[in-house]
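In case you want the letters, here they are:
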Amino acid sequence: MTTTMTEPHRLWRNARYLTWLVSDTSKGLAATLFAFAIPLLALVVTDDPAQAGIIGGAGMVARLVLTLAGGILADRHRRILLMLIGSLIGILLAGAFTVLALADALTFGTLLAANVLLAARSGLFDVAGESAIKEIVPDDAMGRAQAANQGRDAALQLAGGPLGGLLLGVGGWLVGVVMTLCHTVAAVTAWMLQRQARRAGIADTGAEADADGTGAEVGEHPIGDGHVTAGLAADPADGLDFPADTASDAGARGKTSAWAELREGFTWLFSRPDLGGVLLIITIINLGFNAAITTVMYALQQAGYSELLIGSLGAGVGAVMLVGAIVAPMLVPRIRTGVLAIAGLSGGAIGSILLSMVTEPWAIVVVLGASVLLLPALNAGMMGYFMVATPTQLLGRANSAAGVLGMGALPLAPLIAGFGLTWIGREWTILVCAALCIVAVSLALGNRALRALPVESRWAEHAKQYEAS
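### Side note on the overall build of the protein
Then comes step 1: Looking only at helices and strands, one finds 22 helices and zero strands in the protein.
Then comes step 2: Residue pairs at least 24 apart in sequence account for 86% of intrachain contacts in the protein once pairs closer than 6 positions are excluded.
Then comes step 3: Summing over all exposed atoms, the protein offers an accessible surface of approximately 19000 Å²; the carbon and sulfur share of this is 68%.

Okay, here's the thing in structure tokens:
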């Protein structure tokens, strides 16, 4: 028993995790290509940064709002099945975008509709995929899993920019074709994951799994909790000690309103100083840094640089993030998560200031690369701790609540970039963004709960301390 508990989990021998990773990566590539193409297509079609900002902002609003509904769905229904449904809808929407591009029917209105619909799909179904990982990866491997996911994201950014620029150089329709293929792969692998989970005895029932059993004692149950059936200790062993009556609340969830369920997720999140206290900081830094990057991209396009060159800038940043992701598994177990978070936030703030001083593409790559070097370690630590600290029956709603709060101001980023370039120019717009990043770092330095986040091996113990308080 002791040997089983102390033996490190071999993540790359976990077939279910690898299948999940392929599905999530395929979906992520489709999203990366569209996120690269939509602002450039909008600028080409409208020749107006402000209108391009409206298209980008509307999509972000749609995703944020429907992420709340997606969290409820992820806690009510089968998460892997929701992954499959979301991918099938992605096939339909990407196919429709391809037809519009081939018919030369891309206008401000059609681009706005396409961006909103694809963003709505992400909001409704991506939370389920993010939450499903807790059912297939044990807590003691969650930090490494999140670091691997950060490496995947960096690789997508590395390949997504040049690939998007190359595809867009041929035509928007080719972007749509590749997106359709990506969603098809995501759908097939989600179906495979569902079959693998069923064969392994994992009940893909979202929060319903916790309604059927309340602890490790139900390990012999043929369905029971997904973690227990798969041999991945979750309930008392993860140090959460979530109140027993919450399981009955989950069982009665069908009788409660969606608003009550959503409120439960927000209430739990804000009751945790180790989680809720950092949300304002994340919101501000996300807005400032992303608005600065969007401003740079808009300015390059307006200056006449090609889509391929702009995409290559993203590839350069992605290469640095890939290096950071390779280093992240060595940093997360050794350096306190709070220290990594403050260091990563500080890098983003300094980079935003320097961006206002450089205009050459090579210099922009150097500045952005230095800014994001610690970002994979920051994300791996914060996301890994969040997954360990959150009970599975609340994971969907807590994920959506954290996502909405953390990115709640993000729809303003393209609006700040578009209207800022029009009204005050590139340099002052980026300096406004840098000021937001500086505010976020100042708040982080003064946040005791953020500074106290420990190394990976102490996450469960740290989380238990807050549950007991």
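### Here we look at the environment of Ile 91
Then comes step 1: Position of Ile 91 among the secondary structure elements: in helix α4 (residues 79-102).
Then comes step 2: Along the sequence, Ile 91 and Met 179 sit 88 residues apart, while their C-alpha atoms lie 7.8 Å from each other.
Then comes step 3: Once residues within four sequence positions are removed from consideration, Ile 91 is found in contact with Thr 180, His 183, Thr 184 and Ala 187.

### Description of the nonpolar core
Then comes step 1: Formed by 118 residues in total, the largest nonpolar core has its most connected members in Tyr 17, Val 137 and Leu 355.
Then comes step 2: When residues of this core are assigned to their parent elements, the largest contribution, 14 residues, is made by helix α2 (residues 15-46).
Then comes step 3: Beyond its immediate chain neighbours, meaning those up to four positions away, Tyr 17 contacts Leu 11, Trp 12, Ile 133, Ile 136, Val 137, Ala 145, Ala 148 and Asn 149.
Then comes step 4: Membership of the second largest hydrophobic core comes to five residues, among which are Leu 82, Phe 125, Val 127 and Ala 128.

### Describing a nonpolar patch on the surface
Then comes step 1: The grouping of Val 323, Ile 326, Val 327, Met 330, Leu 373 and Leu 374 at the surface amounts to a nonpolar patch, some 490 Å² of accessible area in total.
Then comes step 2: Structurally, Val 327 can be placed in helix α14 (residues 307-331).

### Considerations on the state of the cysteines
Then comes step 1: Using the criterion set out here, one finds zero disulfides in the structure.
Then comes step 2: No disulfide involves Cys 433; its sulfur sits 7.2 Å from that of Cys 437, the nearest cysteine.

### A word on the environment of Trp 173
Then comes step 1: Locating Trp 173 in the fold gives a position in helix α7 (residues 172-199).
Then comes step 2: Trp 173 sits 69 residues away from Asp 104 along the chain, and the two C-alpha atoms are 9.1 Å apart.
Then comes step 3: Ignoring sequence-local partners within four residues, the contact set of Trp 173 consists of Thr 98, Ala 101 and Leu 102.

### Quick notes on a positive patch on the surface
Then comes step 1: There is a patch of like positive charges on the surface, built from Arg 78, Arg 195, Arg 198 and Arg 199.
Then comes step 2: In this structure Arg 198 comes out as exposed when scored by relative accessible area, which is 55%.

### Examining the packing of α2 against α7
Then comes step 1: For the pair α2 and α7, the least separation of the axes is 8 Å and the interaxial angle reads 160 degrees. Between α2 and α7, the angle falls in the class roughly antiparallel. The crossing of α2 and α7 is left-handed.
Then comes step 2: For the contact of α2 with α7, the class distribution of residues is 18 nonpolar, six polar and two charged.

### Some points on the confidence of the model for the protein
Any segment with low pLDDT has predicted coordinates that should not be analysed in fine detail.
Then comes step 1: Counting all residues, the mean pLDDT for the protein is 81, and 86% of those residues have values of 70 or more.
Then comes step 2: Counted against residues more than four places away or in other chains, residues 1-5, with its pLDDT under 50, gives one contact.
Then comes step 3: Across residues 209-254 the pLDDT falls below 50, and counting only partners more than four positions away or on other chains, this stretch makes 82 contacts in the model.

### Digging into unusual backbone geometry
Then comes step 1: Even without a glycine there, the phi angle at Asp 47 is positive, about 55 degrees.
Then comes step 2: Residue position: Asp 47 is located in the loop between α2 and α3 (49-76).
Then comes step 3: Of note in the backbone geometry, Asp 104 takes a positive phi value of approximately 55 degrees without being a glycine.
Then comes step 4: Inspection of the secondary structure assignment puts Asp 104 in the loop between α4 and α5 (108-132).

### Concerning the packing of α2 against α5
Helix packing for two helices is described by the angle between their axes and how far apart those axes are.
Then comes step 1: Interhelical geometry of α2 versus α5 gives an angle of 160 degrees and a closest axis separation of 11 Å. The angle between α2 and α5 places the two elements in the roughly antiparallel class. Viewed along their axes, α2 and α5 form a crossing whose handedness is left-handed. Where α2 abuts α5, its residues Trp 20, Lys 27, Phe 34, Ile 38, Leu 41, Ala 42, Val 45 and Thr 46 lie against Phe 108, Leu 111, Ala 114, Asn 115, Leu 118, Arg 121, Asp 126 and Gly 129.
Then comes step 2: The class makeup of the residues in the contact of α2 with α5 is ten nonpolar, three polar and three charged.

### Considering the environment of Leu 355
Then comes step 1: As for its position among the elements, Leu 355 is in helix α15 (residues 337-355).
Then comes step 2: Once you skip the residues sitting within four places of it in the chain, Leu 355 turns out to touch Ala 292, Val 296, Ile 364, Val 367, Leu 368, Arg 426 and Ile 430.

Analysis parameters
Residues numbered from 1 in each chain as written. Predicted model: local features only at pLDDT ≥ 70, side-chain atom pairs only at ≥ 80, totals over all residues. Heavy atoms only, no water. Helix = DSSP H or I, 4+ residues; strand = E, 2+ residues; numbered from the N terminus. Contact = heavy atoms within 4.5 Å. Areas by Shrake-Rupley, 256 points an atom, 1.4 Å probe, with all protein chains shown as cover. Core = buried A, V, L, I, M, F, W, Y, C linked by side-chain atoms within 4.5 Å. Buried < 20%, exposed > 50% of the residue type's maximum accessible area, 1.4 Å probe, protein only. Patch = residues over 30% accessible without salt bridge, like charges linked within 9 Å, V, L, I, M, F, W, Y side chains within 5 Å. Salt bridge = Lys/Arg side-chain N within 4 Å of Asp/Glu carboxyl O. Disulfide = S-S within 2.5 Å. Lys, Arg positive; Asp, Glu negative; His and termini not counted. Charge placed at Lys NZ, Arg CZ, Asp CG, Glu CD. Axes fitted to C-alpha atoms, helices over the stretch in contact; angles between N-to-C directions. Parallel < 35°, antiparallel > 145°, perpendicular 65-115°, else oblique. Left-handed = near helix turned anticlockwise from the far one by under 90°. Nonpolar A, V, L, I, M, F, W, Y, C, P; charged D, E, K, R; others polar. pLDDT = per-residue confidence, 0-100.

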